[in-house]
Amino acid sequence: MEEKQPLLVHKISKVISDFFNPLVSLFIFYVYMSVREYSLKDSLLYFVPILLMIIIPVIIWLIWNVKTGRYTNMDVSDRVQRKTLYIFLGGCVILYLLFNYIRNGYIDLVMLFILILLITMQISNFYIKSSMHTSFNIFVAALFFTLDWKMGLIWLGIAILVGITRVILKRHTVKEVFMGAGIAFLISFIYLYCNIQFQH
């Protein structure tokens, strides 16, 4: 009975951790925002470029690197391996920001702050492998706060749960989860401040 309980906790943690990975969490936010704020046509015009320029290329990049043995797993748990992931992710986000600016004449604030979050995490990665799962879920909670404070609180709870699962699965130490959370809280606070300023 004692062995079954830790095994069950491990399985539940894996399901939570896998489901609430950064790409899925961002995808859920964009779907929620689209349904709440935009018509179907406007949602597609906004989301399809993000899907084609960021989400799909990153999924392909991860699968290809795992299959060729460059990455140990889809989480890219190895700190050294993460460097190329951050560079590729950053490149995709920059490409999207340029495309959006040329097409619409404004900088996408959400994607700009995702880029800042990635750069900060890359800098952190030289010293400590901060938890990307925790960090992105906290930032997604901040994004939800701009639309609905209740959803923001729910997602903050999810982010805390995800941080716990990362430790249970031994993907990160407690210190690495706190580092990811600290970076995300700082970037999220600045993002929320800028969001309020631009609305006035």
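Residues numbered from 1 in each chain as written. Predicted model: local features only at pLDDT ≥ 70, side-chain atom pairs only at ≥ 80, totals over all residues. Heavy atoms only, no water.

## Observations concerning the nonpolar core
Here is step 1 of the chain: Ranked by internal contacts, the top residues of the largest apolar core, which has 49 residues, are Tyr30, Ile50, Ile54, Met111 and Ile114.
Here is step 2 of the chain: Elements supplying a minimum of two residues to this core: helix H2 (22–37), helix H3 (40–67), helix H4 (79–104), helix H5 (109–125), helix H6 (132–147), helix H7 (149–168) and helix H8 (174–199).
Here is step 3 of the chain: Looking at which element gives the most residues to this core, the answer is H5, with nine residues.
Here is step 4 of the chain: Ignoring sequence-local partners within four residues, the contact set of isoleucine 114 consists of Leu26, Val93, Phe136 and Phe139. (Core = buried A, V, L, I, M, F, W, Y, C linked by side-chain atoms within 4.5 Å. Buried < 20%, exposed > 50% of the residue type's maximum accessible area, 1.4 Å probe, protein only. Helix = DSSP H or I, 4+ residues; strand = E, 2+ residues; numbered from the N terminus. Contact = heavy atoms within 4.5 Å.)

## Comments concerning unusual backbone geometry
Here is step 1 of the chain: The backbone of lysine 170 shows a phi angle near 60 degrees, a positive value even though the residue is not glycine.
Here is step 2 of the chain: Considering the arrangement of structural elements, one finds lysine 170 in the loop between H7 and H8.

## Overview of the packing of H7 against H8
Here is step 1 of the chain: Across the interface, H7 lies against H8 with an axial gap of 9 Å and an inter-helix angle of 155 degrees. In terms of orientation, H7 lies roughly antiparallel with respect to H8. In this structure, H7 crosses over H8, and the sense of that crossing is right-handed. Note on element contacts: H8 touches H7 through Val174, Val177 and Phe185, opposite Leu156, Gly163, Arg166 and Val167.
Here is step 2 of the chain: Partitioning the contact of H7 with H8 into residue classes produces five nonpolar, one polar and one charged. (Axes fitted to C-alpha atoms, helices over the stretch in contact; angles between N-to-C directions. Parallel < 35°, antiparallel > 145°, perpendicular 65-115°, else oblique. Left-handed = near helix turned anticlockwise from the far one by under 90°. Nonpolar A, V, L, I, M, F, W, Y, C, P; charged D, E, K, R; others polar.)

## With respect to the packing of aromatic side chains
Here is step 1 of the chain: The final tally for this structure, using the stated rule, is 14 aromatic pairs.
Here is step 2 of the chain: Both rings, one in phenylalanine 29 and one in phenylalanine 144, keep their centres 5.3 Å apart while their planes meet at 90 degrees; by these two values the pair is edge-to-face. Of this pair, phenylalanine 29 sits in helix H2 while phenylalanine 144 sits in helix H6, placing them 115 residues apart in sequence.
Here is step 3 of the chain: On the basis of relative accessible area, phenylalanine 29 is assigned to the buried category, the value being 1%.
Here is step 4 of the chain: Residue classification places phenylalanine 144 among the buried positions, given a relative accessible area of 0%.
Here is step 5 of the chain: Among the aromatic side chains, those forming a connected cluster through ring pairs are Phe19, Phe20, Phe27, Phe29, Tyr30, Tyr32, Tyr38, Tyr46, Phe47, Phe144 and Trp155. (Phe/Tyr/Trp six-rings, centres within 6.5 Å; stacked < 30°, edge-to-face > 60°.)

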